[in-house]
Amino acid sequence: MRKRLIALAALLLLSAPALILLRQPPAPPISFDALRRLVLARDFTATDAALEAAHTSYTSAHTPDAERDLYNVFALSDPAIQGFTEDWARDQPDNPRALTAKGWNLYAWGNFWRGRASVNNTTDEAMSALMQRHTAAFPLFKQATKLAPDLIPASDGLLRLTATLGNKSVIPRELERIMNSQPNRGSLMRAMVALAPQWGGRPEQVNLLCDRYAPKITDIKDYSPEICRIDAVYYAGFWYGDQRAAAHQLLMFTDHPILDNARYNDMMDGLTSPEDSIVLLEKIKADGEMASREARKLDTLRNQINNVSPMEAKYPELAIALSREVPYLHDALLQDPLNPYLLHRYIGVLFDAAEYANRPVTLADKAEITTRLHAALKAVPTAPQLWIDLAEITLRWQDLDSIAKAEPYFHNAIYYSRYGTDEFADAARPKLQMVQDQSNLIQAVDISGMTPEQLAKLDEIVNCPLAVQLSILRVVCQNTGTPENQCAEGAATNDVVWDRLNGRINAGACFKEFKQRLEDIYEKPAKVDF
């Protein structure tokens, strides 16, 4: 079960803290994997019958989260599933389950294009793709709720899309309707997401909804308006002003089990003591397999408690977790091959396993990752983290040709992050390693013995692109209030680096780059042919 939750966390269908089911659902009429197989077999009739049977079963048992879980199948990034949802909805336009399936596929793909960065670090292209898909999904969910008023996954779609589309007038009408017929925490919390301050919501709205609807939720014992308010703050990320700190204080005075996930978030965010955090992590370990994030936290806290120096720190729990996650996430990619978050996660875990779990990254691993990145970036070119991943897997240590090959990928990461400081820092790093003497970082590499041709190549691939990137990065850091010593780890204002770069610029290099406005260099994405 824990493995399944890790897989589902990669999806954006729920995209909120994991739900805690206080009532166990009945034996499922069909499993997630079995439903996925029906979809891949393009069997409209069997898929519809399975979803209808599941709906009847879960509605009678009042376990809507189990039905929600099944609809995650349609949020997988497999193009075959996307094609299925389009064809099924076209073939059966009055089938509420077909409309809901297509709606969630559009919702997921819109989020894949949008990414998770702030609006300031998201391109117009990405936002347009999000709005196009979410706008198309809304009438599908709306029609599905008319055809099947008790279909909670369709109702969820309306509530979730209010955050994107800004039509908050939907919330009171839809929430009133669904909470009168099938009161449940999941619907209430989904409405809360659209009322978080990043979407223009206010704390007063949360209070009103909790006062009105928390008493209707009778399947969760003692789910009072006060518990609901704490629940909403954590579920929706409602960090308005001092809301997080206030919720944390309230959380300390209740042991309600529905807030276990809130306690987990506080622990992972460092808001609980090391001793209490270790107790909770040990319980997670005893209950089942730990995720690598949890294992890293446990090892780090143990090292801290035992005063172990960084040079002597041990990470045994992390090694075990990473050894499990590499094959698990690889298998998950077979089902969800173009999901940018899942792919990025897999790459990170793979390289972490090489460092902590004695599991080297092989040439075959790199070849497969490259192929997967090409496919994912063709499908979702707006994902900066994947461009960085592709650039970094292309690089070889202090190799000019690989730096040149990776540069368009770094360019696109910078473009699609709208001048993200992390992306600039990642792009600058391999070039800095060519400029600074790696055995003595307070001096530059000796270039006195280079031929004019070698110097010209070094200028073209390293010095001039680096001068441009650090110049822009310095301005970006100033505009964002980032201290100089934290701007690309101080590289943007490093005297050793700039003495070398200015020397080359004064010698006549980089004329092409500096004769134009520097910001124009990243005005468009680089053309990349995979």
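All values derive from a computational prediction rather than experimental measurement.

**Q** I would appreciate a short explanation of the overall build of the chain in the present structure.
**A** What the chain contains, in helices and strands, is 25 helices and 2 strands. Computed over the C-alpha atoms, the radius of gyration of the chain is 26 Å, within 12% of the 24 Å expected from 2.2 N^0.38 for a compact globule of 530 residues. Along the three orthogonal principal directions, the C-alpha set of the chain runs to about 80 × 60 × 45 Å. Evaluated residue by residue, the chain yields a buried proportion of 51% over its 530 residues. Nonlocal contacts in the chain, meaning residues at least 24 apart in sequence, comprise 68% of its contacts between residues at least 6 apart.

**Q** Honestly, the environment of Pro257 in this entry has me stumped. Any pointers?
**A** Mapped onto the elements of the fold, Pro257 is located in the loop between helix H13 (243-251) and helix H14 (260-268). Remark: the alpha-carbon pair of Pro257 and Gln454, spanning 197 residues in sequence, is separated by 66 Å.

**Q** What should I look at first to understand unusual backbone geometry in this one?
**A** The phi torsion of most residues other than glycine is negative, and most of the peptide bonds are trans. Here Arg42, not a glycine, exhibits a phi torsion of approximately 60°, which is positive. Along the chain, the position of Arg42 falls in the loop between helix H2 (32-40) and helix H3 (44-61). Even without a glycine there, the phi angle at His62 is positive, about 55°. Inspection of the secondary structure assignment puts His62 in the loop between H3 and helix H4 (64-71).

**Q** Got a minute to help me understand the side chain of Thr145 in this structure?
**A** For Thr145, the position within the fold is in helix H7 (residues 124-147). Looking at Thr145, its side chain comes within polar contact range of the main-chain oxygen of Lys142, at 2.7 Å. In this view, Thr145 contacts Ala154, Ser155, Leu158, Glu174 and Arg177; residues no more than four positions away in its chain are not counted.

**Q** How should I be thinking about H3 in this particular structure?
**A** The periodicity of an α-helix, 3.6 residues per turn, causes residues three or four positions apart to be oriented the same way. For H3, which comprises 18 residues, the first-to-last C-alpha distance of 26 Å matches the rise-based estimate of 26 Å (1.5 Å per residue) to within 8%. Residues Phe44, Thr47, Asp48, Ala50, Leu51, Ala54, His55, Ser57 and Tyr58 constitute the buried set of H3. The opening residue of H3 is Asp43, an N-cap whose side-chain oxygen sits 3.3 Å from the backbone nitrogen of Thr45. Immediately beyond the C-terminal end of H3, within one or two residues, lies His62, with a positive phi of roughly 55°.

**Q** Would you explain the state of the cysteines in this entry?
**A** Cysteine pairs can be linked by a disulfide, which is a covalent bond between their two sulfur atoms. One pass over the full model with this rule turns up 3 disulfides. Across the disulfide, Cys210 is cross-linked to Cys228 (sulfur-sulfur distance 2.1 Å). Because the sign of the S-S torsion sets the handedness, a value of about -75° for the bond joining Cys210 and Cys228 places this disulfide among the left-handed ones. Here Cys210 is found in helix H11 (residues 203-213), whereas its partner Cys228 is found in helix H12 (residues 225-236), with 18 residues between them in sequence. No difference in accessibility class separates Cys210 from Cys228, as the two residues are buried. Bridging Cys477 to Cys487, the disulfide has an S-S length of 2.0 Å. An S-S torsion of about 85° defines the bridge between Cys477 and Cys487 as right-handed. Within this pair, whereas Cys477 is found in helix H23 (residues 452-480), its partner Cys487 is found in the loop between H23 and helix H24 (495-506), the two being separated by 10 residues in sequence. Residue Cys477 shares its accessibility class with Cys487, and that shared class is buried. Sequence-ordered numbering of the disulfide-bonded cysteines in the chain gives the connectivity 1-2, 3-6, 4-5.

**Q** How should I be thinking about the nonpolar core in this particular structure?
**A** The nonpolar side chains of a soluble globular protein tend to be buried, and buried together. Counting 77 residues, the largest nonpolar core has Leu373, Leu466, Leu470 and Leu473 as its most contacted members. Of all the elements, H23 adds the most residues to this core, at 12 residues. The residues contacting Leu373, other than those within four sequence positions of it, are Leu343, Ile347, Leu386, Asp389, Leu390 and Ile393.

**Q** Help me understand the confidence of the model for the chain, please; the structure alone is not making it clear to me.
**A** Mean pLDDT over the chain stands at 91; residues scoring 70 or higher make up 94%. Scored below 50 in pLDDT, residues 1-23 shows 66 contacts in the model against residues more than four places distant or in partner chains.

**Q** Any chance you could explain the packing of H7 against helix H8 (residues 152-165) here in plain terms?
**A** Two packed helices can be described by the angle between their axes and the distance between those axes. Here H7 crosses H8 at 145°, and the two axes come no closer than 9 Å. Classified by chirality, the crossing of H8 by H7 is left-handed. Two secondary-structure elements touch here, H7 through Leu130, Met131, His134, Thr135, Ala137, Phe138, Phe141, Lys142, Ala144 and Thr145 and H8 through Pro153, Ala154, Ser155, Gly157, Leu158, Leu161, Thr164 and Leu165. Partitioned by chemical class, the residues of the contact of H7 with H8 number 11 nonpolar, 6 polar and 1 charged.

**Q** Just checking my understanding: could you explain the packing of helix H21 (residues 400-416) against helix H22 (residues 421-435) for this structure?
**A** Relative to each other, H21 and H22 sit at 165°, their axes nearing to 9 Å. As summarised for this structure, H21 and H22 are arranged roughly antiparallel, according to the angle between their axes. Crossing hand, H21 versus H22: left-handed. Listed contacts from H22 to Leu400, Ile403, Glu407, Phe410, Ala413 and Ile414 of H21 are Glu423, Phe424, Asp426, Ala427, Pro430, Lys431 and Met434. In terms of residue class, the contact of H21 with H22 is made up of 9 nonpolar, no polar and 4 charged.

**Q** Sorry, what's going on with the side chain of Thr47 here?
**A** Locating Thr47 in the fold gives a position in helix H3. What makes Thr47 buried here is its relative accessible area of 0%. The residues touching Thr47, leaving out its near neighbours within four places in the chain, are Leu35, Leu38, Val39, Phe74, Phe84 and Trp88.

**Q** What exactly am I supposed to notice about the packing of aromatic side chains here?
**A** One pair of aromatic rings is described through two measures. These are the centre distance and the angle between the planes. All told, the structure shown has 16 aromatic pairs when counted by the stated rule. Plain terms: the ring middles of Phe44 and Phe84 are 5.2 Å apart, the flat faces sit at 65° to each other, and that makes the pair edge-to-face. Note that Phe44 is positioned in helix H3 and Phe84 in helix H5 (residues 79-91), a separation of 40 residues in sequence. Of the two residues examined, Phe44 and Phe84, each falls in the buried class. Grouping aromatic residues by their ring pairs yields a cluster made of Phe44, Tyr71, Phe74, Phe84 and Trp88. The residue whose ring lies beneath Arg116 is Tyr341, and the NZ or CZ to ring-centre distance is 3.9 Å. Between the NZ or CZ atom of Arg474 and the centre of the ring of Trp498, over which it lies, the distance is 4.7 Å.

**Q** Can you help me understand the pattern of salt bridges in this one?
**A** Where side chains of opposite charge bring their charged atoms close, a pairing between them can arise. Inspection of every chain in the model, using the stated rule, returns 29 salt bridges. We note a salt bridge from Glu176 to Arg212, for which the minimum N-O separation is 2.9 Å. Of this pair, Glu176 sits in helix H9 (residues 170-181) while Arg212 sits in helix H11, and the two are 36 residues apart along the sequence. Taking the relative accessible area as the measure of exposure, Glu176 reaches 22% and is therefore partly exposed. Salt bridges sharing partners connect three or more residues here, namely Asp65, Arg68, Asp156 and Arg190.

Definitions and limits used
Residues numbered from 1 in each chain as written. Predicted model: local features only at pLDDT ≥ 70, side-chain atom pairs only at ≥ 80, totals over all residues. Heavy atoms only, no water. Helix = DSSP H or I, 4+ residues; strand = E, 2+ residues; numbered from the N terminus. Rg over C-alpha atoms; globule rule 2.2 N^0.38 Å. Buried < 20%, exposed > 50% of the residue type's maximum accessible area, 1.4 Å probe, protein only. Contact = heavy atoms within 4.5 Å. Polar contact = N/O pair within 3.5 Å; in protein donor to acceptor, adjacent residues only side chain to side chain. Expected span 1.5 Å × (residues − 1). Disulfide = S-S within 2.5 Å. Core = buried A, V, L, I, M, F, W, Y, C linked by side-chain atoms within 4.5 Å. pLDDT = per-residue confidence, 0-100. Axes fitted to C-alpha atoms, helices over the stretch in contact; angles between N-to-C directions. Left-handed = near helix turned anticlockwise from the far one by under 90°. Nonpolar A, V, L, I, M, F, W, Y, C, P; charged D, E, K, R; others polar. Parallel < 35°, antiparallel > 145°, perpendicular 65-115°, else oblique. Phe/Tyr/Trp six-rings, centres within 6.5 Å; stacked < 30°, edge-to-face > 60°. Lys NZ or Arg CZ within 6 Å of the ring centre and 35° of its normal. Salt bridge = Lys/Arg side-chain N within 4 Å of Asp/Glu carboxyl O.

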